[in-house]
Amino acid sequence: ASENRGLGHRFLKHVERCKVLLMMIDMQGTDGREPIADYRVLLKEIRLYKASLTKKPILVAANKMDEPDAEENLKVFAKKCPHSVYPISCVSDEGFAALKKALLEAVLEVRRKEQAAIEEDE
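Small disclaimer: the values here were computed from a predicted structure and weren't measured.

Draft legend 1. Highlighting the sheet that holds strand S1 (residues 21-26). Here we have three strands laid out as an open sheet, ordered S1-S2-S3, and parallel in their pairing. Edge positions in the sheet fall to S1 and strand S3 (84-87), since each has one partner strand and no second. Adjacent strand axes in the sheet meet at a mean angle of 25 degrees when their direction is disregarded. When strand S2 (residues 58-63) meets S3, the two strands line up parallel, connected through four bridges. The partner of Val 60 across the bridge, within S3, is Val 85.

Here it is, written out as structure tokens:
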């Protein structure tokens, strides 16, 4: 994306407008991939496009928790990931209440900080 391939910059320009970033990571490790490696690739793409984007609040949705290897992969991932991680399953619909609550709280916090900065400037 940072090299403007695929959705490229069109996608990343949208990311600039977001108050909070949500990264969805496959915890099953489909096709032999490591979830932490996938996370690092996403973070690197964002950083290469515009480093300041990594200063936005980031939440991680640990998806496919209904799969056999996901629980063990989540343990390893959570130790290495500096952001809040929310286990979910798109198949069983588990974990979405906690994720939605965390997203709402993160967006509201950003808005509070923005409003405080506006009031401070007045």
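Draft legend 2. Inspection of unusual backbone geometry at higher detail. The backbone of Lys 64 sits at a positive phi, close to 70 degrees, despite the residue not being glycine. With respect to the helices and strands, Lys 64 occurs in the loop between S2 and helix H3 (70-80). Judged by relative accessible area, which is 30%, Lys 64 ranks as partly exposed. The backbone of Asp 93 sits at a positive phi, close to 70 degrees, despite the residue not being glycine. Mapped onto the elements of the fold, Asp 93 is located in the loop between S3 and helix H4 (96-121).

Draft legend 3. Molecular detail of the packing of aromatic side chains. Under the criterion given, the structure shown has one aromatic pair. Taking 5.7 Å as the distance between ring centres and 85 degrees as the angle between the ring planes, the aromatic pair formed by Tyr 39 and Phe 77 counts as edge-to-face. Remark: Phe 77 occurs in helix H3 and Tyr 39 occurs in helix H2 (residues 35-49); sequence separation between them is 38 residues. Given a relative accessible area of 2%, Tyr 39 falls into the buried group.

Draft legend 4. Structural detail: the environment of Pro 68. One can find Pro 68 in the loop between S2 and H3. Given the relative accessible area of 69%, Pro 68 is considered exposed. Note: C-alpha distance between Pro 68 and Met 27 (41 residues apart in sequence) is 9.7 Å.

What counts as what
- Residues numbered from 1 in each chain as written.
- Predicted model: local features only at pLDDT ≥ 70, side-chain atom pairs only at ≥ 80, totals over all residues.
- Heavy atoms only, no water.
- Pairing = 2+ DSSP bridges.
- Helix = DSSP H or I, 4+ residues; strand = E, 2+ residues; numbered from the N terminus.
- Axes fitted to C-alpha atoms, helices over the stretch in contact; angles between N-to-C directions.
- Buried < 20%, exposed > 50% of the residue type's maximum accessible area, 1.4 Å probe, protein only.
- Phe/Tyr/Trp six-rings, centres within 6.5 Å; stacked < 30°, edge-to-face > 60°.

The values reported here are purely geometric and, on their own, carry no functional implication.
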